[in-house]
Amino acid sequence: MSVLIATDPTSGEVVREVPAAASAEIDAVIARAEHAYTEWGRKSFAERAGVLRAVAARLRADVEDHAILMTEEMGKPITEARAEVIKAAWAAEHYADHGADYLADEVIASDATRSYVQYLPLGPVLGVLPWNAPYWLAFRFCAPALMAGNTAVMKHDPHVPGCAAAIDRVFREVGAPDGVFASLPAATEDVERAIRDPRIRAVSFTGSDRGGAAVAAMAASEIKPSVLELGGSDPCIVLADADLVAAADVVALSRIINAGQSCIAAKRIIVERAVHDEFVELLRERLAALVVGDPRDEATQVGPIARADLRDNLHRQVTDSVAAGAQCLLGGEMPTGAGYFYPVTLLTDVRLGMAACSEETFGPVAAVLVAVDADHAVDLANATPYGLAASVWTSSERGEAMAREIVAGQVAVNGIVKTDPRLPSGGVKRSGYGRELGKAGIHEFVNAQQVWIGPKQE
């Protein structure tokens, strides 16, 4: 029998072992979701909202218990972990408050006496989730799906079984109907079984582009809709007319949130030549001042990398880039001692084709590229197979115009790239398709049913 193993990345010690779901348990979880759907899909928006609000209240009341699980299983600094639990609660509250309006009938004039579109649920939706934001990504998936009248089956990452069980427990503690939300502690190799189960009607996947391609192929072969939020090598453009101090503050923060293990973190910093040296020094000062340490410590700003293999790959990207001509101004040395820590690292003279530029770097590594001018900066920004998010630092008017030229699912002008329950989020190219959050997110897993009522009008 497979076992789901959680390892504390601060110490490298195993903290939790959970038997993976066998075939009978996988079948039972999906069966409960299918059974629950027959009633949940008929409930009013107000009734569904009541469950989501109760879940949100419970998360807020028990924030410390949930936060420490993230810190223990994937190394998120405790201050960030608390904020993530609160953000997850906000997602539930947002859809409780706005789901009915997002899914209101849309009257459309035609030759009918009356015609409109109504948005109906599909059935059980499977969410296949990664480890890097265990609570936020769970609620980004389940809150809109549940408010739309679907039931949610969450297959969480095998490295965060404690987080997955705790999220499942919250729904049970507030009295949510059995099967409306369920954690499926399946091994990775059993995901295909769940995707292909005819009772699962749609799939939401967050993870690597390689994993997304596999999930998309499976879902497509079963003619099931899917939403994919995949990797990113997100560009941050800093032009000569930018507020360099403000930009350096935000870029440093963006690069090291969750120890840099975020799809939407600023990864390739593209700086106009005229201000390159000045900006690099501002960024170096801020990165050098960051506190790397035990994520349980309130003062820690950068915790460990989640797994040893991830740290090894990150270091390989750094050393390969340096060997190819990049300059390492900060960090870049593999530390000794317990845990999977990696120093905050700043690379300059990074060029297209280097590992730190062509691959997604999942860790506290900032790669700086030089742009001749704004047009060159946009060309560099788009020179990637990914297209998740981007940011631009310049005048507001110029940045807004440049956003149209950047191939990405979201662009922030003079601010940090972030996800927000009110706004759609998602990527293009190898960063995926479909949207999560906002009105667009809740519309991904519904049947937009056209209703035509006669008699026909001349």
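Residues numbered from 1 in each chain as written. Predicted model: local features only at pLDDT ≥ 70, side-chain atom pairs only at ≥ 80, totals over all residues. Heavy atoms only, no water.

Caption draft 1: Examining the nonpolar core more closely. Judged by nonpolar contacts, the single largest core of 67 residues is most densely connected at Leu 59, Tyr 135, Phe 139 and Phe 171. Broken down by secondary-structure element, the contributors of at least two residues to this core are helix H1 (23-40), helix H2 (45-61), helix H3 (63-74), helix H4 (78-102), strand E4 (114-121), helix H5 (134-147), strand E6 (151-155) and helix H6 (161-173). Among residues more than four places away in sequence, those in contact with Leu 59 are His 66, Val 85, Ala 88, Ala 89, Tyr 135, Phe 139 and Val 170. (Core = buried A, V, L, I, M, F, W, Y, C linked by side-chain atoms within 4.5 Å. Buried < 20%, exposed > 50% of the residue type's maximum accessible area, 1.4 Å probe, protein only. Helix = DSSP H or I, 4+ residues; strand = E, 2+ residues; numbered from the N terminus. Contact = heavy atoms within 4.5 Å.)

Caption draft 2: Looking closely at the UniProt feature "domain: Aldehyde dehydrogenase" (unreviewed entry) in the protein. Under the local residue numbering, the UniProt record ascribes the feature "domain: Aldehyde dehydrogenase" (unreviewed entry) to residues 7-451. With 42% helix and 19% strand, the stretch residues 7-451 has end C-alpha atoms that lie 52 Å from each other. (UniProt positions renumbered as here; feature names shortened; annotations may be inferred.)

Caption draft 3: Looking closely at the packing of aromatic side chains. Inspection of every chain in the model, using the stated rule, returns four aromatic pairs. Judged by centre distance (6.1 Å) and plane angle (65°), the rings of Tyr 95 and Tyr 102 are edge-to-face. Neither Tyr 95 nor Tyr 102 differs from the other in exposure class; each is buried. Members of the aromatic cluster, joined through ring pairs, are Phe 139, Phe 171 and Phe 181. For the cation-ring pair, Lys 87 lies above Trp 136, with the distance from its terminal atom to the ring centre recorded as 4.5 Å. (Phe/Tyr/Trp six-rings, centres within 6.5 Å; stacked < 30°, edge-to-face > 60°. Lys NZ or Arg CZ within 6 Å of the ring centre and 35° of its normal.)

Caption draft 4: Summary view of the packing of H3 against H4. For the pair H3 and H4, the least separation of the axes is 8 Å and the interaxial angle reads 125°. Our classification of the angle between H3 and H4 gives oblique. Note that H3 runs across H4; the crossing there is right-handed. Of H4, the residues touching H3 (which contributes Val 63, Glu 64, His 66, Ala 67, Ile 68, Met 70 and Thr 71) are Ile 78, Ala 81, Arg 82, Glu 84, Val 85 and Ile 86. The residue makeup of the contact of H3 with H4, split by class, is eight nonpolar, two polar and three charged. (Axes fitted to C-alpha atoms, helices over the stretch in contact; angles between N-to-C directions. Parallel < 35°, antiparallel > 145°, perpendicular 65-115°, else oblique. Left-handed = near helix turned anticlockwise from the far one by under 90°. Nonpolar A, V, L, I, M, F, W, Y, C, P; charged D, E, K, R; others polar.)

Caption draft 5: Here's a closer look at the packing of H2 against H6. Relative orientation of the contacting elements H2 and H6 amounts to 125°, with a least axis distance of 9 Å. Between H2 and H6, the crossing angle belongs to the class labelled oblique. For H2 against H6, the interelement crossing comes out right-handed. Between H2, through Val 55, Arg 58 and Leu 59, and H6, the contact on the second element is made entirely by Val 170, Phe 171 and Glu 173.

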